[in-house]
Protein chains: 2
Amino acid sequence: MKKLILTLATAALCGAGFAAHAEGHATQEQLEGAVKARQSHMQLYAHNLGILGAMAQGNAEYDADAASAAAGNIAALAGLNQSTYWLPGTDSDSIEGSRALAAIWAADSKIGEAGAAFGAAVQKLNADAGTDLASLQAAMGDIGAACGGCHRGYRVRNN
Amino acid sequence: MKKLILTLATAALCGAGFAAHAEGHATQEQLEGAVKARQSHMQLYAHNLGILGAMAQGNAEYDADAASAAAGNIAALAGLNQSTYWLPGTDSDSIEGSRALAAIWAADSKIGEAGAAFGAAVQKLNADAGTDLASLQAAMGDIGAACGGCHRGYRVRNN
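Rules used in this analysis
- Residues numbered from 1 in each chain as written.
- Chains lettered and ligands numbered in written order.
- Predicted model: local features only at pLDDT ≥ 70, side-chain atom pairs only at ≥ 80, totals over all residues.
- Heavy atoms only, no water.
- Helix = DSSP H or I, 4+ residues; strand = E, 2+ residues; numbered from the N terminus.
- Buried < 20%, exposed > 50% of the residue type's maximum accessible area, 1.4 Å probe, protein only.
- Contact = heavy atoms within 4.5 Å.
- Areas by Shrake-Rupley, 256 points an atom, 1.4 Å probe, with all protein chains shown as cover.
- Buried area = accessible area lost by both parts, 1.4 Å probe.
- Salt bridge = Lys/Arg side-chain N within 4 Å of Asp/Glu carboxyl O.
- Polar contact = N/O pair within 3.5 Å; in protein donor to acceptor, adjacent residues only side chain to side chain.
- Nonpolar A, V, L, I, M, F, W, Y, C, P; charged D, E, K, R; others polar.
- Expected span 1.5 Å × (residues − 1).
- Least-squares fit on C-alpha atoms with pLDDT ≥ 70 in both.
- Phe/Tyr/Trp six-rings, centres within 6.5 Å; stacked < 30°, edge-to-face > 60°.
- Lys NZ or Arg CZ within 6 Å of the ring centre and 35° of its normal.

**Observations concerning the overall build of chain A**
For step 1, the next point in the chain: Regarding its fold elements, chain A presents five helices and zero strands.
For step 2, the next point in the chain: Per-residue burial for chain A yields a buried fraction of 42% across its 159 residues.
For step 3, the next point in the chain: Excluding contacts between residues fewer than 6 apart, the proportion of contacts in chain A whose partners are at least 24 apart in sequence is 74%.
For step 4, the next point in the chain: Per element, the accessible surface of chain A, about 7,900 Å² overall, is 54% carbon and sulfur.

If you want it as C-alpha cells, here you go:
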C-alpha cells in the first residue's frame, strides 16, 4: 500500500495547480494567506530534512525509525493539495515577504518538471531513508538537487 | 483504501509521543525549531480550515472538490509524525513565542484523549466534507469542538 500512497502523493504534487486559480478571484487576504501557507509548508520540509540531514552528515546518530518517520512526513507533505497556495499574484513583486519569482507562473515555466523531479526524489527518500545510513545519504543527495530545481530560477536568491 | 489511510493517520496522531523525548537530549536550537514546526503545522490547519469555514459559513460557494481537497490535507497533516516537535521543554514558560502550556506534559495531562477526539473529528471531516454543504457544516462543528479540546486548558489564552 505504501507504494500506492506514494504514487498518489507524487501525482498530487505534480498536479498541484500552479495556474489553477484565476488571480482575479483571490482577495488580498487570500493572497497573503497563500504565501503564509507556502512558507509553513516549506518550514515543515525544513524541519524534517534537518533531522535527516543531521544523520546524513554524521551530526546525529543514524536512527532508522526516526529517519523513516521524517521521510514519511516529507512524502505526506509533498502529497498535500497545494493548489490554494500557489496562486498567481503571490510572487515576490506582488506580495511582501514572498520569495516566489513570477517565472513560476510564466508561459514557459518549467516548474511542473521541477515539481515532478522533486516528487520522484521524495519517493526515493521515503523508500530508502529507513534502510541504512548509506541509502539515506544517497537519497538526501537527490533531494538536495531536486530542491535546487525550484530554488534556482524560481525563488529570490539568498543574500 | 481511504479508510485504512485514515485509520493509520489517526493512529499516528494519537501516538504522536507528547513525552517521547527526554528534554535533556534536545539542544536549544532543536527546541526552538520544534516550536516553529508546530506553529507551521497549525498554520496549515488554519489555511485549510479557513477554506472549509468560508464555505460552511456561506462566505464562499460550496465546492465539493475543493472541500474534499482541504479536508484531505487536514487528515494528512493530522497523520504526520509530530514526535519531534512536541518536545518537553517547549512550553510557554521555557521558550519565547511558544503558546503551549506545560500542562501538556504533566503527569495528569489529558492531551492524549484530546488528540484522539481531534483525530476522530478529522476522520469525519475527511469522510463528509465532499458530500454536501450540510454534511460539511456538521463536520466543521465537531472540528471546532475538538480544536477546543486542546486549545482550552493546554494553550495560552488569546488576549
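**Let's talk about the interface of chain A and chain B**
For step 1, the next point in the chain: Taken together, the 22 residues of chain A in the interface contact 22 residues of chain B.
For step 2, the next point in the chain: Both sides together, the interface formed by chain A and chain B hides about 1,800 Å², and carbon and sulfur atoms give 73% of it.
For step 3, the next point in the chain: Where chain A meets chain B, there are zero salt bridges.
For step 4, the next point in the chain: Linking chain A with chain B are four residue pairs in polar contact (both at pLDDT 80 or more), by the criterion used here.
For step 5, the next point in the chain: Among the elements of the structure, helix 1 (2-14), helix 2 (28-56) and helix 3 (64-78) of chain A are those that each provide at least two residues to the side of chain A that touches chain B.
For step 6, the next point in the chain: Among the elements that take part in the side of chain A that touches chain B, helix 2 of chain A stands out by supplying 10 residues, more than any other.
For step 7, the next point in the chain: For the side of chain A that touches chain B, the per-class residue count stands at 13 nonpolar, eight polar and one charged.

**With respect to helix 2 of chain A**
For step 1, the next point in the chain: Across its 29 residues, helix 2 of chain A extends 41 Å between first and last C-alpha, which sits within 8% of the 42 Å expected from 1.5 Å per residue.
For step 2, the next point in the chain: A positive phi of about 80° marks G58 of chain A, the residue just after helix 2 of chain A.

**Some words on the relation of the copies chain A and chain B**
For step 1, the next point in the chain: Expressed as a screw operation, the relation of chain A to chain B combines 0.0 Å of axial shift with a rotation of 180°, fitting to an RMSD of 0.0 Å. Within this description, the copies of the chain are treated as partners about a two-fold rotation axis. If distances are taken from each C-alpha of chain A to the rotation axis, the shortest is found for S40 of chain A, at 2.2 Å.
For step 2, the next point in the chain: The residues that chain A uses at the interface reappear at the interface of chain B in 100% of cases, marking a shared surface.

**Looking at the packing of aromatic side chains**
All names here are of chain A.
For step 1, the next point in the chain: Across all of its chains, the model carries two aromatic pairs over all chains by this definition.
For step 2, the next point in the chain: Taking 5.4 Å as the distance between ring centres and 75° as the angle between the ring planes, the aromatic pair formed by Y45 and F118 counts as edge-to-face. Of the two residues, Y45 sits in helix 2 while F118 sits in helix 4 (residues 111-128), which places them 73 residues apart along the sequence. For the pair formed by Y45 and F118, the shared burial category is buried.
For step 3, the next point in the chain: The positively charged end of R38 is found above the aromatic ring belonging to W86, 4.7 Å away from the centroid.

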